[in-house]
Amino acid sequence: MQATRSWLTLCLCFVLGTTGTGILCNPLIEKRQTKSCSVDMFSCKNGECIDSLSICDGHADCSDKSDETQNLCAPMFKTCPSSAFRCNYGACIGKSAKCNGINDCVDGSDENLPECKKLALEIPSNPPQTQQTQVTSQSKCVSNEEYSCKSGQCIDITSICDGIPDCNDKSDETVELCKSGVVCPKNTFMCKYGACISNQKKCDGSQDCVDGSDEANCDSTGNRKTTTSSTPITQTTSRPSIPSTTLQTSKPPTQANNRRTCVIPNTEGTVYSLIQIESDHKPVLSPGTNVDPNTAVEENCEEGYYKTTSNRIILCSGNGNWIPKLDKLCLKKCPPMISDSLDLECVFNGKRENCSNPSVPGTILTPKCKVTHTVPNGQIETPIKLRCQQDGNWSDRLYTCIPYCGRPYTPNQALILEGVEAVYGSAPWNVGVYRKNNKNSFDLICGGSLIAPNLVVSAAHCFWQERLIDRILINDGTYKIAVGKYKSDIAIKDNAFTQIVDVGLIYLKEGYYGASGYHAEDLAILVLPIKITMSNVVSPVCMDWSKRYSISNGSIGKVVGWGKTEKMVESSVLLEADLPYINRQTCRNMYQNGFQNFVTLDKFCAGAKGGQGVHQGDSGAGLTFVHSSLHFLTGIVSVKDANTNDSIAVFTDVSHHVGWIHEIFTNYTYASDSTSRAIG
């Protein structure tokens, strides 16, 4: 064996993705046999079988040299390791074998180099024996890669104790070395002095152990006898050559024509491509495709799958099996993780990754409520970590956070009638409702209140038409809403938080029949097709789902809008007003002109005889009252007595309709999120 063959052992094990501990990557295993090719053997074109590690190592092990061809070697080794030399046809040999006076490449390309000719001029062709000894004794072998013979000669470390003397002094095949430092792998034969050879070389008629112990005690059938022969074995210094005719006659006569094709497997996430010498194009091979022996195929992963190794090439052997045996190359990635309410951090091997992309197995995801959100029902957020598993699924589901509600961003300033301008964020739940006019532009028609990122509560009369039957309206592009607005003009983007969104569906309360029904149940819910982005100046108002809070007469609530001022001019900027609460019965007693009929069972009033109040254009706006430092939606602007000049208006009492609102809320928001997860 030549030391240069070890480079194939190292390279092929790396390229084929094996571990280096099994038979396929053991350099001590025999490289030629005459029986039917096994799964780990390479089938020569003439039908001979050699060890799969013997291909493309610079030495022709097949008698027809089919193991050292450009078609086979070039695609397998496009580059060789830095410590190796690449033959012109693609094989890899040890770099030290270059220009050593021996053709270690089949094509001799390792000796046909300009530097080889220069070296030949510098070193005498026949140096005296004393000079030769002096040179070799002073040479230093590469640590962990080369073995130093007793003479000082350096050979590849994988060439020791393999049955063939590579050192000129045969010091690599001695009892002293092999018995003390070598353990033969499974399925190999141990020579009497400790070397390891292929188990199939035992009693094959060829002396492969230096001491001939592999052929001792063999019977005529090629099996070892049970008794030990006393006949001494004559040692040989080189491996006997077996004529190719012997190989041909010893194997079944039909074997050369009995080579089987390999089938491209159907492996999830894996793409197989044919390697072609003539071009860089690699045709994709469909599962079930038959591939001829000695064909190299490259494995890659489909999108959404992770490759466990950087590159892998498999080879079709002559017995219909792939070399190496196919293990799982492509692992399914975990699906992207996106959340409107959580900040997500993904880390893989200590490096931050984008969670919105498919994640590699082993990725750790850490969720946390956004600064504008909190966990529902007053629970405490418990830190968790999700792991992307080998099966492409996350180890757990994301929980859901809800926006903080009813928190003004800046101090309030009194507005609307006899008021002053509002401040950004003073009512971050405020919504402007717009309708398309005949000029294809949009006019502000009503107000509303954000109760979830995709739900707005407003007044039914803003969308009512006489003799309307349906209570669920599908928007046809007529309506839009705006949040984060300060100026009423929809064409003006007031700040970075302003968002204009189309309305999807409009739910009207079933009992609303307009003026003929005295505007009872004057309530509408707008469903948005997308979720509004939450911020400090855009957030929902709180809802008293359990009706815990009650309001007493004289309590002060807040309302904002773009309605008419005391000068009966529509305001171009957002205004707000503080209004005292008036319960239903007190309000009804204030009217004797028939207007009391509009103060229906689901109404209350707010305002005063003079001062701040709501007016035309404020319909649908929300009146909020503070409980536990948070603003809760209590009333929706409904109607006002046109015959009076006071600021008192009638509001739809939200508490009377909280069940209907909650039903829609659960159908369209976080409460129905299938990925929600309780934390506590």
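Here the residue numbering is sequential within each chain, running from 1 through the sequence in written order. Local features in this predicted model are restricted to residues of pLDDT 70 or higher, and side-chain atom pairs are both shown and tallied only at a pLDDT of 80 or more, whereas totals for entire chains, interfaces and linings draw on every residue. As a convention, hydrogens and water are excluded, and side-chain values are obtained from all of the structure's heavy atoms.

## A word on the pattern of salt bridges
- We define a salt bridge as a contact between a side-chain nitrogen of Lys or Arg and a carboxyl oxygen of Asp or Glu at a distance within 4 Å. The full count for this structure, using the stated rule, is eleven salt bridges.
- Among the salt bridges present, the one from Lys282 reaches Glu298, with a minimum N-O distance of 2.4 Å. Here Lys282, found in the loop between β10 (270-274) and β11 (284-285), pairs with Glu298, found in strand β13 (residues 296-301); they are 16 residues apart in sequence, far enough to count as distant.
- For the salt bridge of Glu521 with Lys509, the shortest nitrogen-to-oxygen distance reads 3.5 Å. Of this pair, Glu521 sits in the loop between β30 (505-508) and β31 (524-527) while Lys509 sits in the loop between β30 and β31; the two residues are twelve residues apart in sequence, bridging distant segments of the chain.
- The class for Glu521 is partly exposed, based on a relative accessible area of 24%.
- One network of salt bridges, with partners in common, ties together Lys509, Glu510 and Glu521. A run of DSSP states H or I qualifies as a helix once it reaches four residues; a run of E qualifies as a strand once it reaches two. Both are numbered from the N-terminal end. Any residue under 20% of the maximum accessible area for its type is buried, any over 50% is exposed, and the rest in between are partly exposed; the area is computed with a 1.4 Å probe on protein chains only.

## Focus on the state of the cysteines
- Any two cysteine sulfur atoms lying within 2.5 Å of each other are counted as a disulfide. Summed over all chains, the structure comprises 16 disulfides.
- Two residues, Cys262 and Cys316, share a disulfide whose sulfurs are 2.2 Å apart. Measuring the twist about the S-S bond at about 90°, one finds the Cys262-Cys316 disulfide to be right-handed. A residue pair is termed long-range when its members are at least 10 positions apart, and Cys262 in strand β9 (residues 262-263) and Cys316 in strand β15 (residues 312-316) qualify at 54 residues.
- Residue Cys262 is classed as buried on the basis of its relative accessible area of 0%.
- Classification of Cys316 as buried rests on a relative accessible area of 0%.
- Note on cysteine connectivity: Cys587 is disulfide-linked to Cys605, with sulfurs 1.8 Å apart. Given an S-S torsion of about -65°, the disulfide between Cys587 and Cys605 has left-handed geometry.

## Considerations on the sheet that holds strand β16 (residues 322-323)
- When DSSP finds at least two bridges between two strands, those strands are taken to pair. Taken in spatial order, the five strands make up an open sheet running β11-β10-β13-β15-β16, and their pairing is antiparallel. If you trace the sheet from one side to the other, it starts and ends with β11 and β16, each paired once.
- In terms of strand pairing, β10 meets β13 through five bridges, oriented antiparallel. Residue pairing for β13: Tyr272 is matched across the bridge by Glu299.

## Details of unusual backbone geometry
- Ile323 connects to Pro324 through a cis peptide bond whose omega is -5°.
- Its location among the elements puts Pro324 in the loop between β16 and β17 (330-332).
- A positive phi is found at Lys547, a non-glycine position, where the angle reads about 55°.
- Following the sequence through the fold, Lys547 ends up in the loop between β31 and β32 (556-561).
- A positive phi angle, near 70°, is found at Ser629, a position not held by glycine.
- Turning to its location among the elements, Ser629 is positioned in the loop between β35 (622-627) and β36 (630-639).

## Observations regarding the nonpolar core
- By nonpolar core we mean a set of buried residues, namely Ala, Val, Leu, Ile, Met, Phe, Trp, Tyr and Cys, connected to one another through side-chain atoms within 4.5 Å. One finds Ile451, Phe463, Ile481 and Leu526 to be the most contacted residues of the largest nonpolar core, which totals 52 residues.
- For this core, the elements supplying multiple residues, two or more each, are β24 (430-436), β25 (442-452), β26 (455-458), β28 (479-483), β30, β31, β36 and α8 (658-668).
- Among the elements that take part in this core, β25 stands out by supplying five residues, more than any other.
- By definition, residues are in contact when any of their heavy atoms lie within 4.5 Å. Excluding its chain neighbours within four sequence positions, the residues that come into contact with Phe463 are Val433, Ser458, Leu468, Leu473, Tyr479, Ile506, Leu508, Ala524 and Leu526.
- Cys62, Cys73, Met76 and Ala296 belong to the second-largest nonpolar core, a separate cluster that totals 27 residues.

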